[in-house]
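Here is what each chain is made of, one letter per residue.
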Amino acid sequence: MEFVSVFDIFKIGVGPSSSHTLGPWKAARSFVMRLEQSEARILEGHIEVSLYGSLSLTGKGHATDLAVIMGLANYDPETVETKKIPEFIQVINEQKKIQLPSGMFVHFDPEKDILFKDSFLDYHANGMIFTWTGNNGDVISDVYYSVGGGFIVREGDHGGISGVNKNYPFPIQTSSELLRYCEKTGFSISDIVFENEKTDRTREKYEEDLLRIWHTMLESMYTGCHTEGTLPGALAVKRRSAPLLQKLLPKQLTYSDPETWIEAIRIAPLDFQKIFKWVSTFAISVNEVNAAFGRVVTAPTNGSAGVIPAVLMYYLCFVNKNAGKNEIVRFLACASEIGSIFKKGSTLSAAMGGCQAEIGVSSAMAAAGLTELLGGSPERCIIAAEIAMEHHLGMTCDPIGGLVQIPCIERNSMGAIKAINAAEMAIDRDPTEVKVPLDDVVRTMWNTAKDMNSKYKETSEGGLATTVNIIDC
Ligand code: SF4
């Protein structure tokens, strides 16, 4: 049974897409590491990259080509200085070569050597082939798939899952198994997650790593809310979170960093309408940063990166103003387990399942995490996840112009609001009256994904992407 860690579900990376940016970036780095272990280390050669399926159809708008360049140049998406990415790309475009970690230069002209193919590979809609040809005619070639949420699979390998062969105390494939463990032990969902994670990390390290994830989420909200202007790309979408923040937060409430910003928000005037606006602002801010190639946390994808931070921020700012590290860790842990159940039983890839796999899953994750913090039992957390996904089933992926902007940015706000509503409904629900188990919804989502026309699976060949005229946008 595969194990998906909370740190597989939440990954620090660069926007705008986990499957089209982070995945190809990681695949390119993985290929470079393979070259390092081969004769490419000592022989001059040339690299060519072919992109297939959805990666080819929406790859330009999703910056797949740039991600491949950054990956081949071996930059780390978690730590690279995002502002300098255009500069790094320009150098490679001009020099037409990359340097392997061992020092050997390999010829690579992004303009000619990244090929957008008009066909699909068999295994998954996001396929890539990396080929190195040595000056002596030798060839090293690998096929990779970006299978959603930044996960990659190399043909011939098992996949990018962190702990396939270890003995975790609570192996979980479905929500009914998870609930059985909770009932047997009296643990919450976040406790179960920690018991499994203990196999690889001390409590201290586990909390430290989760708080780093939260800090990155908070930074992306803060950056988004303090950046004005227009997003990159032909749609010329105006950033909205900064003006929204200015309307919501009185000028006299001053702050100097993300932490003091939270304190200011906590004491700002509030009514029901403002709570809606705040949640939307938080969600939109993350996805504006994502659309501008900024640093976000894949949660469980980049396109849906705003939902979970927005719901957690809602809890910290408006529900429990004394909440801190403990609540943040529990929320993320519980949410991640729901994401992992969807990954194992369905998909996190919009190229396989449309937007239900992105916004739908993130909303279900956030709903469960919030329910745990609201004092809901594990059963109620699962009910919340079910409600949130039930009302995203069938949602298509149809980004206009292939950019992760419309409908994606607003859709994060909708996913966050639905998550809050799902948690509130679950708290009041009598579990014995529930008719739809989460596992049935996971299966339904997967069946819907298989039935969905490929036009609606991150190809920009249907839906809003074809009915809305870009010139009008
Ligand atoms: S429409 Fe949804 S799934 Fe598609 S790119 Fe946008 S956020 Fe991702």
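Predicted model only: the values in this text are computed from it and were never measured. (Residues numbered from 1 in each chain as written. Predicted model: local features only at pLDDT ≥ 70, side-chain atom pairs only at ≥ 80, totals over all residues. Heavy atoms only, no water.)

K.L.:
I'd like a rundown of the environment of Glu155, residues and numbers included.
P.N.:
Structurally, the position occupied by Glu155 is in the loop between strand S8 (151-154) and helix H7 (175-185). With relative accessibility at 45%, the residue Glu155 sits in the partly exposed group. The sequence separation of Glu155 and Ser141 amounts to 14 residues, and the corresponding C-alpha distance is 11 Å. Within the structure, the side chain of Glu155 is placed 2.7 Å from the side chain of Tyr145, a separation counted as a polar contact. (Helix = DSSP H or I, 4+ residues; strand = E, 2+ residues; numbered from the N terminus. Buried < 20%, exposed > 50% of the residue type's maximum accessible area, 1.4 Å probe, protein only. Polar contact = N/O pair within 3.5 Å; in protein donor to acceptor, adjacent residues only side chain to side chain.)

K.L.:
Explain empty space enclosed by the protein to me, and be specific about the residues and the numbers.
P.N.:
Inspection of every chain in the model, using the stated rule, returns three cavities of 30 Å³ or more. The space that makes up the largest cavity amounts to roughly 150 Å³. What lines the largest cavity is a set of 20 residues, among which Gly303, Glu358, Cys397, Val404 and Cys408 lie closest to the centre. Listed by contribution, the elements that provide at least two residues to the lining of the largest cavity are helix H2 (18-36) and helix H18 (408-427). Its residues placed into classes, the lining of the largest cavity shows eight nonpolar, eight polar and four charged. Both of domain 1 (18-154) and domain 2 (175-472) provide at least three residues apiece to the lining of the largest cavity. Looking at the second largest cavity, its volume works out to about 40 Å³. Phe3, Val4, Ser5, Val6, Ile9, Val193, Asn196, Glu197, Ser336, Glu337 and Ser340 together form the lining of the second largest cavity. Sorting the residues of the lining of the second largest cavity by element identifies helix H1 (6-9), helix H8 (189-197) and helix H14 (325-345) as the ones contributing at least two each. Of the residues assigned to the lining of the second largest cavity, the class counts are five nonpolar, four polar and two charged. (1 Å grid on protein atoms, 1.4 Å probe; cavity = no way out; pocket = protein on both sides within 12 Å on 5 of 7 lines; lining within 4 Å. Points joined across faces, edges and corners; volume = space filled by probe spheres on them. Nonpolar A, V, L, I, M, F, W, Y, C, P; charged D, E, K, R; others polar. Domains from an automatic or database assignment.)

K.L.:
Break down the packing of aromatic side chains for me, with residues and values.
P.N.:
Applying the stated criterion to the full structure yields 17 aromatic pairs. For the ring pair Phe130 and Tyr144, a centre distance of 5.6 Å and an interplane angle of 90° mean the geometry is edge-to-face. Remark: Tyr144 occurs in strand S7 (residues 139-148) and Phe130 occurs in strand S6 (residues 126-134); sequence separation between them is 14 residues. Comparing Phe130 with Tyr144, the two get one shared label, buried. Following the ring pairs from residue to residue traces out a cluster consisting of Tyr222, Tyr255, Trp261, Trp278, Phe282, Tyr314 and Phe318. (Phe/Tyr/Trp six-rings, centres within 6.5 Å; stacked < 30°, edge-to-face > 60°.)

K.L.:
Go over the pattern of salt bridges, please, and point to the residues and values.
P.N.:
Going through the model one piece at a time under the given rule, you end up with 18 salt bridges. Arg154 is the partner of Asp142 in a salt bridge, and the nearest nitrogen-oxygen pair spans 3.1 Å. Remark: Arg154 occurs in strand S8 and Asp142 occurs in strand S7; sequence separation between them is 12 residues. For the pair Asp142 and Arg154, one class covers both residues: buried. One network of salt bridges, with partners in common, ties together Arg34, Asp142, Arg154 and Asp157. (Salt bridge = Lys/Arg side-chain N within 4 Å of Asp/Glu carboxyl O.)

K.L.:
Which residues make up the site of the ligand, and what are the values?
P.N.:
Taken together, Gly303, Ala350, Cys355, Glu358, Cys397, Asp398, Cys408 and Arg411 make up all the residues around the ligand. Spatially, the ligand is embedded in the largest cavity. In terms of residue class, the shell around the ligand is built from four nonpolar, one polar and three charged. (Near = heavy atom within 4 Å. Sits in = over half its atoms within 2 Å of the grid points.)

K.L.:
Can you explain the domain arrangement of the protein? Please cite residues and give values.
P.N.:
For the protein, the assigned domains read domain 1 (18-154) and domain 2 (175-472). Taking the mean C-alpha position of each, domain 1 and domain 2 sit 29 Å from one another. Each partner contributes to the interface: domain 1 provides 22 residues, whereas domain 2 provides 24 residues. Summed over both partners, the interface of domain 1 with domain 2 buries about 1,700 Å², with 56% contributed by carbon and sulfur atoms. As a salt-bridge pair, Glu78 and Arg212 come within 2.5 Å of each other at their nearest N and O atoms. Seen at the junction of domain 1 and domain 2, the total is 11 residue pairs in polar contact (both at pLDDT 80 or more). Element by element, the count of residues in the side of domain 1 that touches domain 2 is highest for H2, at four residues. The class makeup of the residues in the side of domain 1 that touches domain 2 is eight nonpolar, 13 polar and one charged. (Contact = heavy atoms within 4.5 Å. Buried area = accessible area lost by both parts, 1.4 Å probe.)

K.L.:
Before we move on, could you go through the pairing of strand S1 (residues 11-14) and cite the residues and values that matter?
P.N.:
Alternating positions in S1 separate into two faces, Lys11 and Gly13 on one and Ile12 and Val14 on the other, with burial throughout. The pairing of S1 with strand S9 (residues 295-298) spans four bridges and is classified as antiparallel. When the sheet's bridge partners are listed, Ile12 is paired in S9 with Val297. (Pairing = 2+ DSSP bridges.)

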